[in-house]
Amino acid sequence: DAGVTQSPTHLIKTRGQQVTLRCSPKSGHDTVSWYQQALGQGPQFIFQYYEEEERQRGNFPDRFSGHQFPNYSSELNVNALLLGDSALYLCASSTHSGGKSYNEQFFGPGTRLTVL
Amino acid sequence: RKEVEQDPGPFNVPEGATVAFNCTYSNSASQSFFWYRQDCRKEPKLLMSVYSSGNEDGRFTAQLNRASQYISLLIRDSKLSDSATYLCVVAQRANNLFFGTGTRLTVIP
């Protein structure tokens, strides 16, 4: 049973470019959350997808967008990259709780993005 | 104000020592509480959930004080393999996680 997988593992882009990161959830999970972890900081919540819709969003600008596919996999897109977008981007999957309780999120290994 | 505040350390302790980490959270509506462990350049992994009654898992003990919005983790008999960053995490009903900055622990031989 594969856990959460992410691709690519590393990526180098230049300012102004656009990037797409991919995530496949753990088998049986239907909800995908994305987090940004800057160096020396804890992960920060970007957004969460369930049933192919963005359900919740953290304090991130519209340059950050996402998508969820019918097979529950997800993409994170970042437009007009800034130097400050350099970070580890983590995907976490879980089963949908309906907002009634917390269901454990399992993290993927992350994509390390460097913006030059 | 940050959702979760914790001392970033670093904590450098000898093998066999007892070490305690603390954190505070700002949102009284927080419902679930955790400690995650993150090794260098790896993803965070759940170490243990934290319950109001306090809970223990081997050498690790976690405590929650809802009145003062305070969470703690105690590690007894530290091992070299305990060296990592420990992240204090809270979740509200909405199921998104709020992480502290993390406390870096190094256990020295």
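K.L.:
Quick question: what am I supposed to make of the pairing of strand β7 (residues 60-65) of chain B here?
P.N.:
Strand residues, when the strand is regular, have side chains that alternate between the two faces of the sheet. Residues and elements named next belong to chain B. Inspection of the sheet shows strand β6 (residues 55-57) paired to β7 by three bridges, in the antiparallel sense. Each residue of the ladder has a partner; that of N55, found in β7, is A62. Connecting β6 to the antiparallel partner β7 that follows it, the hairpin turn spans two residues, and G58 within it adopts a positive phi of roughly 65°. Bridge analysis of β7 against strand β8 (residues 70-75) gives six bridges, and the strand direction is antiparallel.

K.L.:
Can you walk me through the sheet that holds strand β8 (residues 74-78) of chain A in this structure?
P.N.:
Residue and element names in this part refer to chain A. Pairing within the open sheet is antiparallel, and its four strands lie in the order β1-β3-β8-β7. One side of each edge strand has no neighbouring strand; the edge strands of this open sheet are β1 (5-7) and β7 (64-68). Mean inter-strand twist for the sheet, computed between neighbouring axes without regard to direction, equals 20°. When β7 meets β8, the two strands line up antiparallel, connected through five bridges. Following the sheet pairing, H67 is matched in β8 by E75.

K.L.:
Just to check I follow, could you spell out the nonpolar core for this structure?
P.N.:
Soluble globular proteins tend to bury their nonpolar side chains together. Residues F21(B), W35(B), I71(B), L73(B), I75(B), Y86(B) and L105(B) are the most contacted members of the largest nonpolar core, which totals 24 residues. Sorting the residues of this core by element identifies β3 (19-25), β4 (32-38), β7, β8, β9 (84-91) and β11 (103-108) of chain B as the ones contributing at least two each. Ignoring anything within four residues of it in the chain, the contact list for L73(B) reads V19(B), A20(B), F21(B), W35(B), L47(B), M48(B), F60(B), T61(B) and Y86(B). The next biggest cluster of nonpolar side chains, apart from the first, holds 20 residues, and it includes V19(A), V32(A), L76(A) and L113(A).

K.L.:
I would appreciate a short explanation of the side chain of E75(A) in the present structure.
P.N.:
Relative to the elements of secondary structure, E75(A) occurs in strand β8. Apart from residues no more than four positions distant in its own chain, E75(A) is found in contact with T20(A), L21(A), R22(A), W34(A), S65(A), G66(A), H67(A) and F69(A).

K.L.:
Is there a simple way to think about the side chain of H29(A) in this case?
P.N.:
Residues and elements named next belong to chain A. Here H29 is to be found in the loop between β3 (19-24) and β4 (31-37). At 2.7 Å, the side chain of H29 and the side chain of S93 are in polar contact. A polar contact of 3.3 Å, which involves the side chain of H29, links it to the backbone nitrogen of S94.

K.L.:
Looking at this structure, I do not really get the pairing of β9(B). What am I missing?
P.N.:
Residues and elements named next belong to chain B. Of all eight residues in β9, seven are buried; the element is thus mostly enclosed. In this structure, β4 lies alongside β9, joined through seven bridges in antiparallel fashion. Counterpart to R37 in the pairing with β9 is Y86. Pairing of β9 with β11 involves three bridges; the strand directions are antiparallel. Paired with A84 across the bridge in β11 is L105.

K.L.:
Even after reading the chapter, I still don't get the layout of surface pockets, so can you show me in this structure?
P.N.:
Remark: the empty space left among the atoms is shown by a probe the size of a water molecule rolled over them. Each pocket or cavity is described by its volume, and for the largest pocket that value is around 570 Å³. What lines the largest pocket is a set of 21 residues, among which G40(A), Q38(B), C40(B), R41(B) and T85(B) lie closest to the centre. Only β9 and β11 of chain B provide two or more residues apiece to the lining of the largest pocket. Broken down by element, the residue count for the lining of the largest pocket peaks at three residues, all from β11(B). One number sums up the size of the second largest pocket: a volume of about 360 Å³. Around the second largest pocket, the lining comprises 18 residues; the ones closest to its centre are P43(A), Q44(A), E3(B), F98(B) and F99(B). Elements that contribute at least two residues to the lining of the second largest pocket include exactly β5 (44-50) of chain A together with β10 (97-99) of chain B. Counting residues per element, the lining of the second largest pocket draws most heavily on β10(B), at three residues.

Cut-offs applied
- Residues numbered from 1 in each chain as written.
- Chains lettered and ligands numbered in written order.
- Predicted model: local features only at pLDDT ≥ 70, side-chain atom pairs only at ≥ 80, totals over all residues.
- Heavy atoms only, no water.
- Pairing = 2+ DSSP bridges.
- Helix = DSSP H or I, 4+ residues; strand = E, 2+ residues; numbered from the N terminus.
- Axes fitted to C-alpha atoms, helices over the stretch in contact; angles between N-to-C directions.
- Core = buried A, V, L, I, M, F, W, Y, C linked by side-chain atoms within 4.5 Å.
- Buried < 20%, exposed > 50% of the residue type's maximum accessible area, 1.4 Å probe, protein only.
- Contact = heavy atoms within 4.5 Å.
- Polar contact = N/O pair within 3.5 Å; in protein donor to acceptor, adjacent residues only side chain to side chain.
- 1 Å grid on protein atoms, 1.4 Å probe; cavity = no way out; pocket = protein on both sides within 12 Å on 5 of 7 lines; lining within 4 Å.
- Points joined across faces, edges and corners; volume = space filled by probe spheres on them.

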